[in-house]
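Analysis of the macromolecular model
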Amino acid sequence: MKKVLKNPGMQAFLASLICIIIGLLIGYLVLLIINPEGAWESITNVIKNFFTWSKPKTQLKQFGNTLAKTMPLLMCSLSILFAYKVGLFNIGAAGQYVAGACASLYAALAWGWGWLPCMLFAIVCAGVLGAIVGILKAYCNVNEVISGIMLNWITLYLTNTVLSKVKEAASPYTLYLDDVNPSALLPNAGLNNLFNNNKYITIAVPLALIISIAIHILLSRTRLGYELKATGSNKNAAKYAGMRENTNIILTLIIAGGLAGLGASMLYQTGYMRWECTQSSVPGMGFNGIAAAFLGGLNPIGAIFSSFFIQHITDGGQYVNTNFYSSQISDLISSVIIYLCGFVLFIKLTMNKMLARSEERKLRQLKEAEAAAGKEVDQ
Amino acid sequence: MEQYAIEMLHITKRFPGIIANDNITLQLKKGEIHALLGENGAGKSTLMSVLFGLYQPEEGTIKKDGVEVKINNPNDANDLGIGMVHQHFKLVECFTVLDNIILGVEPNKMGFLQKDEARKKVLALSEKYGLRVDPDAKIEDITVGMQQRTEILKMLYRDNEILIFDEPTAVLTPQEISELMQIMKNLSAEGKSILFISHKLAEIMEVADRCTVLRKGKYIGTVNTADVTMEQLSAMMVGRDVNFHVEKKPATPGEVILEIDNMTVASKVHKNNAVKNVSMKVRAGEIVCLAGIDGNGQSEFVYGLSGLEPLVSGSIKLHGKDITKASIRERSTMGISHIPEDRHKHGLVLDYSLEDNMILQTYFGPEFTSKAGFLQRKNIRDYANRLIEEYDVRSGQGPITVSRAMSGGNQQKAIIAREIDKAPDLLIAVQPTRGLDVGAIEFIHKQLVAQRDAGKAVLLVSLELDEVMDVPDRILVMYEGEIVGELDPKTTTQEELGLYMAGAKRDEVKA
């Protein structure tokens, strides 16, 4: 049992689980305080998400929707954790995600590009945004959090302006991809049939999973990963070892930006969502990516599951009974849970401390027993 | 019965997997200077942390003036009159000496500072104990020795009776060290009890009345320094006889490996150049030592030489080839190895495993990276195991130990293994023995001499006088960024060296 608990992978998993449970408890508590009557039903609905529906076919379709939205979140969390491994906090992922949305939608709607060029364009634009942060960090020592946050807003309003050119006349939303340029929609490759013909299930799903594994391998097995992690962990030692630490910082943020941009393309090019050109806040996808990255134990494979869970809870929020609660309560509950997800590292630390203490106690008991036995022999 | 100022009786403190203090007794008499001697990892710091209430011991008691006390936190220790000068000073750089002294116990009336009274007390104290400090000077403008005296005044101002000095001489010049010794003697003559933590035997012999020795967490014994020799003390500390003198054959210098011509390097902290027009040659088969007091441009000199900082002017040649503009990586692959001054800042990625640190300079080679860019984990493991074996690098889990969890001496051994195994033509070793215990120092000195005998050029940068006198074949003294003297370690004395280091004496030196 002790051995299992000491395994770092197991620890990460347990810590994440504990965070989830505490998050759900606090969420339930909030519901109880506001209105005890509907609390239990609502919190179970949040957990059930698509299972709230009675028909298995509807469940499957709704499951597909959650899955479709999980992939962009997974990309954002990969963006965050990749940069984090290199010692950078890429809060700019939120803006890079927006840049990706802007690039893919504009290329699709204004220029009529096919799905692949649109996707690549999204990666490039978001990567450029990451590069700006990286260059500022590497050559002017501007903190990447500050420049990232400011760029988030610049990108948001720029995107609103640009995408206004391809929006519907009567609404603030961009045109439907299905109507204007169906070739820009990501191919389903038959995957939609697995989810009761949910057309939002596209090649994005397998692609995102493959990228997670690729990032995992890149970080753990390759020379580039070795260099990047060394740079992140100790910039001075990396420089001393002849690594080009400035290039590495910029490269990291380009890759991180590209991942977030790809995430946006994976959502907007399914047609599931349209951009609202009057948005006055940066979409939460990039920020939720932070929670997903930490909940997944900063591991690209863990991020797959944590991203799904967070999207699951977020979607589940819409099943909170609005007779008892105002409609914003769903956001509140999911954000409480997501907030708690950030405590994974803390829980891990506490667990290790407790393990150490119990071991120490055992050691002492052993010694005392030995001493007692020794005394008996003496007598 | 003997009167003790502080007694730590049968202290046992365990950490997971290790007993840091195993039944240790330390009794400090009133008015004595008591040395606490031990290698790194012997448990000196843990014992002091227990005394300061930072750790609670599992067993044992602490008595002050014969009365049992409980020390739960540093405030309790302070209330009992225990004060400490840390190895790394705890001073606010941009404050004056006086401000630093009163920090935390500011005399005030309704929240307004009353400095006059404090100034009088500080002046009286520094008069009484011969601590020459200017209370209005800013910390950043005064010498390290004066900063240390400020720390001492801080303790005295708080009326501390028990003064702990944690390796106080590590940062001082020979002249400053003898001043400090005098100050310590003055303090004890005035009835202060002093606990002096050190692993420098000569200083302990000079200043301490008694000495308690720890080894690997265990109490070895307490002796009167008058009754023992230095050799006996060191045998107690290490557990075996140690050879202080570095055994070496006469050097047989060969061709010039490194040739530096008028090197000038800018300073990061001030507008003047840190290294000014330095020229030197290092030949194959000799150890040249760059000596000097800390902060006289040695670090910047090494940065310029290794490529970490660009030169303002001058040139560097390796094997007659100009490498002034070469990158760090190019210099490294051309045959320069560099044991850096700060092993945590430059030498290691602390979060990496030992094996990953072993390949820090060579990871990109075909042995460790495949053509597709994948690390060859098996080769790395084999390579690390070989170095661990050859250089006796000890760690908890072998090659997969996280470097952070290793002791300082073994971290340094790992760096030395890595740099020497690269088979360099020029080995730059910057303070390679800093903070290490006698056993590890002996090992490292042997390695340096072995490199020399193998026909490599070795450039040693050192602040330790014993090392400067013992290891090299030639000494170059650096003062304020210039080479002010070339000395032969066989004919010079520590006093003469000290004069050059302090800038009191200088020759015109030609490369």
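Please refer to the structure higher up on the page.
About the thresholds
Residues numbered from 1 in each chain as written. Chains lettered and ligands numbered in written order. Predicted model: local features only at pLDDT ≥ 70, side-chain atom pairs only at ≥ 80, totals over all residues. Heavy atoms only, no water. Pairing = 2+ DSSP bridges. Helix = DSSP H or I, 4+ residues; strand = E, 2+ residues; numbered from the N terminus. Contact = heavy atoms within 4.5 Å. Buried area = accessible area lost by both parts, 1.4 Å probe. Salt bridge = Lys/Arg side-chain N within 4 Å of Asp/Glu carboxyl O. Polar contact = N/O pair within 3.5 Å; in protein donor to acceptor, adjacent residues only side chain to side chain. Nonpolar A, V, L, I, M, F, W, Y, C, P; charged D, E, K, R; others polar. Axes fitted to C-alpha atoms, helices over the stretch in contact; angles between N-to-C directions. Parallel < 35°, antiparallel > 145°, perpendicular 65-115°, else oblique. Left-handed = near helix turned anticlockwise from the far one by under 90°. Buried < 20%, exposed > 50% of the residue type's maximum accessible area, 1.4 Å probe, protein only. Expected span 1.5 Å × (residues − 1). Core = buried A, V, L, I, M, F, W, Y, C linked by side-chain atoms within 4.5 Å. Patch = residues over 30% accessible without salt bridge, like charges linked within 9 Å, V, L, I, M, F, W, Y side chains within 5 Å. Areas by Shrake-Rupley, 256 points an atom, 1.4 Å probe, with all protein chains shown as cover. 1 Å grid on protein atoms, 1.4 Å probe; cavity = no way out; pocket = protein on both sides within 12 Å on 5 of 7 lines; lining within 4 Å. Points joined across faces, edges and corners; volume = space filled by probe spheres on them.

Residue and element names in this part refer to chain B. Within the open sheet, the four strands sit side by side as β14-β13-β16-β17. Their pairing is antiparallel. The open sheet terminates on both sides in strands that have one partner only, identified here as β14 (273-283) and β17 (321-322). As defined by bridge partners, strand β13 (residues 256-266) adjoins strand β16 (residues 313-318) across five bridges and the pair is classed as antiparallel. Pairing of Glu259 across the sheet is with Lys317, part of β16.

Let's shift gears to the interface of chain A and chain B. Listed as interface residues are 23 residues of chain A and, on the opposing side, 29 residues of chain B. Where chain A abuts chain B, roughly 2,500 Å² becomes buried across the two surfaces, and 57% of that area is made up of carbon and sulfur atoms. Ranking the residues of chain A by area buried against chain B places A:Arg223, A:Tyr226 and A:Tyr240 at the top, with a combined share of 34%. Linking chain A to chain B there are zero salt bridges. Summed over the shared surface of chain A and chain B, the result is 18 residue pairs in polar contact (both at pLDDT 80 or more). Where the side of chain A that touches chain B is concerned, the elements lending two or more residues are α9 (204-221), α10 (223-233), α11 (235-240) and α16 (344-378) of chain A. For the side of chain A that touches chain B, the element with the most residues is α10(A), which contributes seven residues. By residue class, the composition of the side of chain A that touches chain B is nine nonpolar, six polar and eight charged.

It is worth spelling out the packing of helix α5 (residues 144-157) of chain B against helix α6 (residues 174-189) of chain B at this point. All names here are of chain B. Interaxial distance between α5 and α6 falls to 11 Å at its minimum, and their mutual angle equals 15°. With respect to α6, the element α5 is oriented roughly parallel. The interaxial crossing formed by α5 with α6 has right-handed handedness. Taking contact as the criterion, the partners of Gly145, Gln148, Arg149, Ile152 and Leu156 in α5 are, on α6, Glu176, Glu179, Leu180, Ile183 and Leu187.

Before going further, it helps to examine the pairing of strand β18 (residues 336-339) of chain B. Residues and elements named next belong to chain B. Neither face of β18 is open: one carries Ile336 and His338, the other Ser337 and Ile339, and all of them are buried. As judged from the four bridges shared by β18 and strand β19 (residues 426-430), these two strands associate in the parallel manner. The residue of β19 that forms the bridge with His338 is Ile428.

Every α-helix carries 3.6 residues per turn, so stepping three or four residues along brings you back to the same face. Taking 1.5 Å per residue as the helical rise, helix α2 (residues 8-34) of chain A with its 27 residues ought to reach 39 Å, and the 39 Å between its terminal C-alpha atoms agrees with that figure. Looking only at α2(A), the buried set comprises A:Gln11, A:Ala12, A:Ala15, A:Ser16, A:Cys19, A:Ile20, A:Gly23, A:Leu24, A:Gly27 and A:Leu31.

Residues and elements named next belong to chain B. As for its placement among the helices and strands, Asp392 is situated in the loop between α13 (377-391) and α14 (408-421). A C-alpha to C-alpha distance of 48 Å links Asp392 and Glu190, two positions 202 residues apart in sequence. One polar contact links Asp392 to Arg394, side chain to side chain, over a distance of 3.0 Å.

The biggest cluster of nonpolar side chains holds 57 residues, and the ones touching the most others in it are A:Tyr226, A:Met243, B:Met358, B:Val393, B:Leu448, B:Val477 and B:Leu497. Looking at this core element by element, the count peaks at six residues for α13(B). Those residues in contact with A:Tyr226 that sit more than four places away from it in its chain are A:Met243, B:Tyr352, B:Asp356, B:Ile359, B:Leu360, B:Tyr363 and B:Leu375. With 49 residues, the next largest nonpolar core counts A:Cys19, A:Leu73, A:Tyr325 and A:Ile337 among its residues.

Bringing a nonpolar patch on the surface into the picture now. All names here are of chain A. A surface patch of nonpolar side chains, amounting to about 540 Å² of accessible area, comprises Val4, Met10, Phe13, Leu17, Ile21 and Leu25. Per element, the largest residue contribution to the nonpolar patch is five residues, and it comes from α2. Note on placement: Val4 falls in helix α1 (residues 2-6).

Going through the model one piece at a time under the given rule, you end up with five cavities of 30 Å³ or more. Residue lining of the largest cavity: A:Tyr240, B:Ser306, B:Leu308, B:Ile328, B:Arg331, B:Ser332, B:Ile336, B:Ser337, B:His338, B:Gln361 and B:Lys422, and that is the complete set. Within the residue set of the lining of the largest cavity, elements represented by two or more residues are α10 (328-333) and β18 of chain B. Considering only residue class, the lining of the largest cavity consists of four nonpolar, five polar and two charged.

So, on to the environment of A:Leu224. Residue and element names in this part refer to chain A. Following the sequence through the fold, Leu224 ends up in helix α10. Judged by relative accessible area, Leu224 falls into the partly exposed class, the value being 30%. For Leu224 and Asn248, which are 24 residues apart along the polypeptide, the C-alpha to C-alpha distance reads 9.0 Å. Non-local contacts of Leu224, meaning those with residues more than four positions away in its chain, are made with Leu218 and Leu251.

This part takes up unusual backbone geometry. All names here are of chain A. Notably, Asn196 is not glycine yet its phi reads approximately 55°, a positive angle. Relative to the helices and strands, Asn196 is located in the loop between α8 (177-180) and α9. Residue Asn196 is classed as partly exposed on the basis of its relative accessible area of 26%. For Leu298, which is not a glycine, the phi torsion comes out positive at approximately 55°. Assignment of secondary structure puts Leu298 in the loop between α13 (285-295) and α14 (300-316).

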